[in-house]
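# A look at the structure
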Amino acid sequence: MTRSIHKMIDEQIKRWEMQKKQGVSPVDTCNVITISRQRGSRGHEVAEALAKALGFDLFDYEIVEGMIKETKDSSDRSKTLVETDRAKTLLDTLDEKKMNIVDDLIAALVHKHHLWPDEYSKILLRVLNTIGSHGNAVILGRGGNFALKDTNALRVRIVAPDDMRCKVVQKDKGLNADDAKKLMVSIDANRMAFIRRYFNADTQDPANYDLVLNTDKISVEKAVSIIQAALA
């Protein structure tokens, strides 16, 4: 994990700690958006633009995984005091009442979907629900829509036709068409397997989302406007 990720996590914890001291609570309206996407559908661009437009924090793969690692490291006594304190503070940003709510949501999710969580999935669920409890967040990937299914979150899926997605991957990675398609198929398969393993769910089932957007005909800017309208 790079130093920049450490810095982003530290800054996020400081913001949450400040809100906790000031007694700031998330508003009752929907202020958490989870975004699931097919590779090459420009879902990451939508998430970044949406977070900027709303003034929300963006939690992408790297940040969520970084938080999971920090939390996991807290049980390793060989880690430095600084790392241990950072990990402990991550979950301590919630007061006891909110933490109890998070634990109840996780227990209900595990029971409802017949999950047998390992160490990673337990931490994943707790981190995602901690983010959701603080609010003002856009969560990209990592099963956020499943982890926060029973909360006041807007669950969005970004899709696009294969040919368009392949062209996007080609441009992003500098690959030929065949290699771009192989990479696209591989990443989508890995994401589907991840969701199947940790949430016993299907990423392609539209019933798992509140809003599905096809970026073949809808620009990133238009997609952001539609999501904002759905929040109103």
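Look a little higher up for the structure.
None of the values given here were measured: they were computed from a predicted structure. (Residues numbered from 1 in each chain as written. Predicted model: local features only at pLDDT ≥ 70, side-chain atom pairs only at ≥ 80, totals over all residues. Heavy atoms only, no water.)

## A closer look at the sheet that holds strand E5 (residues 211-214)
Spatial strand order, E2-E3-E1-E4-E5: five strands in an open sheet with parallel pairing. In this open sheet, the two edge strands, each paired with only one partner strand, are strand E2 (57-59) and E5. Ignoring strand direction, the axes of neighbouring strands in this sheet form an average angle of 20°. Sheet topology note: the strand E1 (residues 32-37)/strand E4 (residues 154-159) ladder contains five bridges and is parallel. From the neighbouring strand, Thr-34 faces E4, where its bridge partner is Arg-155. (Pairing = 2+ DSSP bridges. Helix = DSSP H or I, 4+ residues; strand = E, 2+ residues; numbered from the N terminus. Axes fitted to C-alpha atoms, helices over the stretch in contact; angles between N-to-C directions.)

## Some words on the pairing of E4
Along E4, six of the six residues are buried, which leaves the element largely enclosed by surrounding structure. Side chains Leu-154, Val-156 and Ile-158 of E4 all project onto a buried face; the interleaved residues Arg-155, Arg-157 and Val-159 project onto the opposite face, where all are buried too. (Buried < 20%, exposed > 50% of the residue type's maximum accessible area, 1.4 Å probe, protein only.)

## Quick word on helix H6 (residues 119-134)
Compared with an ideal rise of 1.5 Å per residue, which puts 16 residues at 22 Å, H6 spans 23 Å between its outermost C-alpha atoms and is within 8% of the ideal. Within H6, 13 of the 16 residues are buried, which leaves the element mostly enclosed by the surrounding structure. One or two residues past the end of H6 sits Gly-135, with phi positive at roughly 80°. (Expected span 1.5 Å × (residues − 1).)

## What to know about the layout of surface pockets
If you add up the space inside the largest pocket, you get close to 760 Å³. What lines the largest pocket is a set of 39 residues, and nearest its centre among them are Arg-37, Arg-39, Ile-187, Asp-188 and Arg-191. Going through the elements one at a time, E1, helix H2 (43-54), helix H7 (144-147), helix H8 (162-173) and helix H9 (177-199) are the ones with two or more residues in the lining of the largest pocket. Grouping the amino acids of the lining of the largest pocket by side-chain chemistry returns 13 nonpolar, 14 polar and twelve charged. (1 Å grid on protein atoms, 1.4 Å probe; cavity = no way out; pocket = protein on both sides within 12 Å on 5 of 7 lines; lining within 4 Å. Points joined across faces, edges and corners; volume = space filled by probe spheres on them. Nonpolar A, V, L, I, M, F, W, Y, C, P; charged D, E, K, R; others polar.)

## Points about the packing of H2 against helix H10 (residues 220-231)
As a packed pair, H2 and H10 sit with axes 9 Å apart at the nearest point and diverge in direction by 55°. As far as their axial angle goes, H10 and H2 are oblique. Classified by chirality, the crossing of H10 by H2 is right-handed. For the pair formed by H2 and H10, the contact residues are Glu-45, Val-46, Ala-49, Leu-50, Ala-53 and Leu-54 on the first element and Val-220, Ala-223, Val-224, Ile-227, Gln-228 and Leu-231 on the second. Here the residues of the contact of H2 with H10 are counted per class, giving ten nonpolar, one polar and one charged. (Parallel < 35°, antiparallel > 145°, perpendicular 65-115°, else oblique. Left-handed = near helix turned anticlockwise from the far one by under 90°. Contact = heavy atoms within 4.5 Å.)

## What to know about the pattern of salt bridges
This model, assessed by the stated rule, comprises five salt bridges. A salt bridge links Arg-155 to Asp-210; the nearest nitrogen and oxygen atoms lie 3.4 Å apart. Taken together, the positions of Arg-155 in strand E4 and Asp-210 in the loop between H9 and E5 put the pair 55 residues apart, joining distant regions of the chain. Relative accessible area serves as the criterion here: at 8%, Arg-155 is assigned to the buried category. A salt bridge links Arg-165 to Asp-162, with the shortest nitrogen-to-oxygen separation between them at 2.8 Å. With Arg-165 and Asp-162 both in helix H8, this residue pair falls three residues apart, about one helical turn. (Salt bridge = Lys/Arg side-chain N within 4 Å of Asp/Glu carboxyl O.)

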